[in-house]
Structure formats: structure tokens, C-alpha cells
Amino acid sequence: MTDKIDHISRQKFMEELRRYQKGSVSRRHFLGVTGLGAASAVLGAAVPGLMPRAAHAQSIGDRVVLASWPNYHDPANFDSFTEATGAAVQMNVFGSNEEMLAKLQAGGSGWDVFVPTNYTITTYVDQDLIEPLDLAKLPNYDPASFDQRFAGPGTVNGTVYAVPKNWGTTGFAVNTNQTGGTTPTTWKEFWDLTQTTFSGRTMVHDYQLTTIGNALKYFGYSFNSIDPAELAKAEELLLAAKPHLFAISSDYQPSMRSGDAWMTICWTGDAKQMNRDMPEIVYVLGKEGGELWSDFYAIPKGAPHRDAAYALINFLLTPDVNAKEVLFHGYPVADARVNAILPKEILNDPILYPAADLLSALEFGAAATLTDPNRAELMARFKAA
């Protein structure tokens, strides 16, 4: 085996090995380029994860492509999946459900599994972009264990198209070191601070549902409003705030952690991750309301590695694996089996499980907002301003 490796440089070998482990090249390509075809069995023993671990692993291929959100999965669980199956998990990160929809509408996404939000699933079904799920291939999915408030949107007209990943809320995170230790409690304060003492230090999502929705809350309107007059008021606020923003991005943790940004529209798990490491960053659900949501695992039509897709979803729904996900990403799950094994401090955490009065003021996103042209055009004007 050493003689064969000598045919290419050590640097080239390591580059090809990393490409293989990331799933960007096939096992056949790796063995061919490195000249290791004849020595594959020996190398497999020497390099954990290179060789499939069982006949079943060979049948699902050498990769699975997952399209998901930033900071949303424990990489150690992906490593365990690859170790068990031989299939590497290749991540594609997106910043909005609109971006995900456009990618699937264009065709050729290459995704095997994607993570849509509750209000989008009926659109995927209507546009024939999503596969009905064969639940026989997901033995770790136990519908009776899930809170139907969060699991229900995955079923459309009696057919299951998506199974629950986790749920959460959309509020804002604020660095209280910059507010003298006081914590704002409303969306009105969020937008007012953005234009005054936090000018140049606030971030909003690159995502019309939450950015427009929480501008609407400033005026007491529905988070999901598509009323032209109400959207016009939200646009006035957004255009006034635009010169004061640090950035428009759904990947806001780096800027908050570095101190370049002091406040951002924020999802539950990101809030938990930041607060865990920097307690001065606190999470606020505006008293006026906002968003309650649930995310799902789904398989797009034409998924190139369908067997691997089912294997990955089933693996991530294993209660002990899912519990590790929660501990990493900080989002609550609707699976009673997982909650039964989570530490009590997680279940009692007010970021993950807000007080009932705050939770009751929140709205699930509505399907109409995903494709509403007025909201899409408003967001485009806001970003271009």
C-alpha cells in the first residue's frame, strides 16, 4: 500500500481523502485517483469511515446531500451516521424558505433531504416538489410520540410528506452589555433602538417572513398580513431602519459573538447557543407577538440518493441521537421519547420553552406569505434600498 501512495504526493492524497470524507467525490473516484483500488480493504481498516460497515451500507451509496439551516445539526451525529453506513453527509446551507423553494423549482438541486418550515409544505405538495414518505422506511418515527401541534403540518390531505425535526420561536437577541443591563421587551423597542442608540449594530433576517412579519408587529398587525395598506406601513419602517442596519443575514451568530452586532432577529436555538457561551446575550419574545414554527425532514422529488435519504432521516429520529441534536442546537423537539431523556434544565429553559403568555401571542406562519407577490416585492425593495 505504501508504494501505491508514493505514486501521488502526500498532500494530494490528503486532499483527495478530505474530498471523499466530505462526500464530494465517490469511493470509486478516490480509490482510482490514489491508486488504492487493490488495497481498499486494508485502507478501510486503517481509515475509519472509508469502507462501508455492512451490506446495507453499500446499498445506500457513499453520500447523502442535506439542505438545512445554519447551526442546525450536531456534526458528531453525522460522523456516527457515516461510521455506521459508509454514506457521508454533505451539507448545503440556505438562508430562507424562499431560497429553498426557488432552488427546487429550478430543478437539479441534488438534494436528498431538506428541512422545510411548517407553512411551506402545502406549496411543495401543490407544486409536486416533494415525495410522499414511505413510513415503513422510517421505523424510528412514532407518530403517537409527537405533539400534533408541531407534527400536523407534515400531513397534507391525509398523506405524510414530512416528519418533525424540531420547533421554536422567532424573537430577537440583544447584548445587554450595550443597554446598561436593561432588556427591551417589545418589537417597538427593537425597531426604535435600531434607529437610535443601536444604529449600525442591528441585524435582520434575509428572510421576508420574519423581517416583514416583525416590522408588522411594530404596528400591532398580524405577523402574516398580506394587506396592502399594512404592508405599506411595514415598508416605511423597514426603509427608515435600513441605513441603520449592520447587515441583512440569517447567519448572525458570528457578528453577535464578535460584538460587531448588538441585536438581531433570532431563532430559538441560535439564542440558546449564544446565551450559553455569552450570558449577556439574552433572548426576547416581543410582547406584541411574533412567530411560532416547526421544521421538518422531507425528501424532494427526484432525490438522487433516496435510500440514503430515508436512512439519514431514520437515524436522526432515533431518540438518543435526537437528544444529542437538541443539546447541540438548542431547539425543542415535539417527540415525547426525546423529552423523556433530556436533562431537566433543558426542559425548564425559558428560551426553549417560553412562558405560556408569551407563547400564546405567537402565530404560525401562513402558506399565503410564502408566495405572496407583495411581500416578495417589498423584501426586494428593502434589500435594494
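Structure first, text after, so check above.
Read on for a plain summary of the structure. Being a predicted model, the structure only gives us computed values, none of them experimental.

**A word on the overall build of the chain**
In step 1: Secondary structure summary: the chain contains 21 helices and 12 strands in total.
In step 2: For the chain, the proportion of its 385 residues judged to be buried stands at 54%.
In step 3: In the chain, of all internal contacts separated by at least 6 residues, the share reaching a separation of at least 24 is 75%.
In step 4: When the accessible surface of the chain is summed, it comes to about 15600 Å², and 53% of that surface belongs to carbon and sulfur atoms.

**Concerning the nonpolar core**
In step 1: Core analysis: the largest hydrophobic core is formed by 83 residues, its most contacted members being Phe81, Phe114 and Val163.
In step 2: At 8 residues, helix α15 (residues 306-316) tops the list of elements feeding residues into this core.
In step 3: For Val163, the residues in contact, after removing those within four places along its chain, are Leu133, Leu135, Leu138, Tyr141, Phe296, Tyr297, Ile313 and Leu317.
In step 4: Counting residues in each nonpolar core, the second largest holds 24 residues, with Ile212, Leu216, Met379 and Phe382 among its members.

**With respect to the pattern of salt bridges**
In step 1: Counted under the stated rule, the structure contains 11 salt bridges.
In step 2: Between Asp192 and Lys188 there is a salt bridge, with its nearest N and O atoms 2.8 Å apart. Note that Asp192 and Lys188 are positioned in helix α10 (residues 187-194) at a spacing of 4 residues, about one turn of the helix.
In step 3: A relative accessible area of 26% places Asp192 in the partly exposed class.
In step 4: Residue Lys188 is classed as partly exposed on the basis of its relative accessible area, which comes to 42%.
In step 5: The shortest N-O distance in the salt bridge between Glu363 and Lys217 comes to 3.7 Å. Of this pair, Glu363 sits in strand β12 (residues 362-364) while Lys217 sits in helix α11 (residues 208-218); the two residues are 146 residues apart in sequence, bridging distant segments of the chain. One exposure class covers both Glu363 and Lys217, and it is buried.

**Here's the deal with the packing of aromatic side chains**
In step 1: Following the criterion strictly, the structure yields 22 aromatic pairs and no others.
In step 2: Three or more aromatic residues joined by ring pairs form one cluster here, namely Trp69, Phe94, Trp111, Phe114, Tyr124, Tyr207, Tyr252 and Trp267.
In step 3: The positively charged end of Lys165 is found above the aromatic ring belonging to Tyr72, 3.7 Å away from the centroid.
In step 4: Positioned over the ring face of Phe382 is Lys242, at 5.7 Å from the centre of the ring.

**Details of unusual backbone geometry**
In step 1: Positive phi, normally seen in glycine, also occurs at Asp128, with a value near 55 degrees.
In step 2: Looking at where Asp128 falls in the secondary structure, it is placed in the loop between α8 (121-126) and α9 (148-151).
In step 3: Given the relative accessible area of 49%, Asp128 is considered partly exposed.
In step 4: With a phi angle near 55 degrees, Asn157 is a residue other than glycine that sits in the positive phi range.
In step 5: Mapped onto the elements, Asn157 comes out in the loop between β4 (155-156) and β5 (159-160).
In step 6: Exposure remark for Asn157: the relative accessible area of 78% places this residue in the exposed category.

**Focus: the packing of helix α6 (residues 75-85) against α15**
In step 1: The geometry of α6 relative to α15 is characterised by a closest axis approach of 11 Å and an angle of 125 degrees between their N-to-C directions. In terms of their interaxial angle, α6 and α15 are classed as oblique. Along this stretch, α6 crosses α15, giving a crossing that reads as right-handed. Residue-level contacts link Asn77, Phe78, Ser80 and Phe81 of α6 to Ala308, Ala311, Leu312, Phe315 and Leu316 of α15.
In step 2: Class assignment for the residues of the contact of α6 with α15 results in 7 nonpolar, 2 polar and no charged.

**Regarding the pairing of strand β6 (residues 162-175)**
In step 1: Taking burial as the measure, the 14 residues of β6 include 14 buried ones, the bulk of the element.
In step 2: As defined by bridge partners, β6 adjoins strand β11 (residues 290-298) across 8 bridges and the pair is classed as antiparallel. Bridge assignment links Val163 to a residue of β11, and that residue is Tyr297.
In step 3: As paired strands, β6 and strand β9 (residues 263-267) are joined by 5 bridges and run antiparallel to one another. Looking across to β9, one finds that Ala173 is bridged to Thr264.

**What to know about the side chain of Lys242**
In step 1: Take Lys242: it is sitting in the loop between α12 (228-241) and β8 (245-248).
In step 2: Asp206 provides the closest opposite charge to the buried, salt-bridge-free Lys242, at an N-O distance of 10 Å.
In step 3: From its side chain, Lys242 meets the backbone oxygen of Phe382 in a polar contact 2.9 Å long.
In step 4: In terms of polar contacts, Lys242 uses its side chain to reach the backbone carbonyl oxygen of Lys383, at 3.1 Å.
In step 5: Leaving out residues up to four positions away in the same chain, Lys242 has contacts with Ile248, Phe382, Lys383, Ala384 and Ala385.

Conventions we followed
- Residues numbered from 1 in each chain as written.
- Predicted model: local features only at pLDDT ≥ 70, side-chain atom pairs only at ≥ 80, totals over all residues.
- Heavy atoms only, no water.
- Helix = DSSP H or I, 4+ residues; strand = E, 2+ residues; numbered from the N terminus.
- Buried < 20%, exposed > 50% of the residue type's maximum accessible area, 1.4 Å probe, protein only.
- Contact = heavy atoms within 4.5 Å.
- Areas by Shrake-Rupley, 256 points an atom, 1.4 Å probe, with all protein chains shown as cover.
- Core = buried A, V, L, I, M, F, W, Y, C linked by side-chain atoms within 4.5 Å.
- Salt bridge = Lys/Arg side-chain N within 4 Å of Asp/Glu carboxyl O.
- Phe/Tyr/Trp six-rings, centres within 6.5 Å; stacked < 30°, edge-to-face > 60°.
- Lys NZ or Arg CZ within 6 Å of the ring centre and 35° of its normal.
- Axes fitted to C-alpha atoms, helices over the stretch in contact; angles between N-to-C directions.
- Parallel < 35°, antiparallel > 145°, perpendicular 65-115°, else oblique.
- Left-handed = near helix turned anticlockwise from the far one by under 90°.
- Nonpolar A, V, L, I, M, F, W, Y, C, P; charged D, E, K, R; others polar.
- Pairing = 2+ DSSP bridges.
- Lys, Arg positive; Asp, Glu negative; His and termini not counted.
- Polar contact = N/O pair within 3.5 Å; in protein donor to acceptor, adjacent residues only side chain to side chain.

The quantities given are spatial measurements derived from coordinates; they are silent on function.
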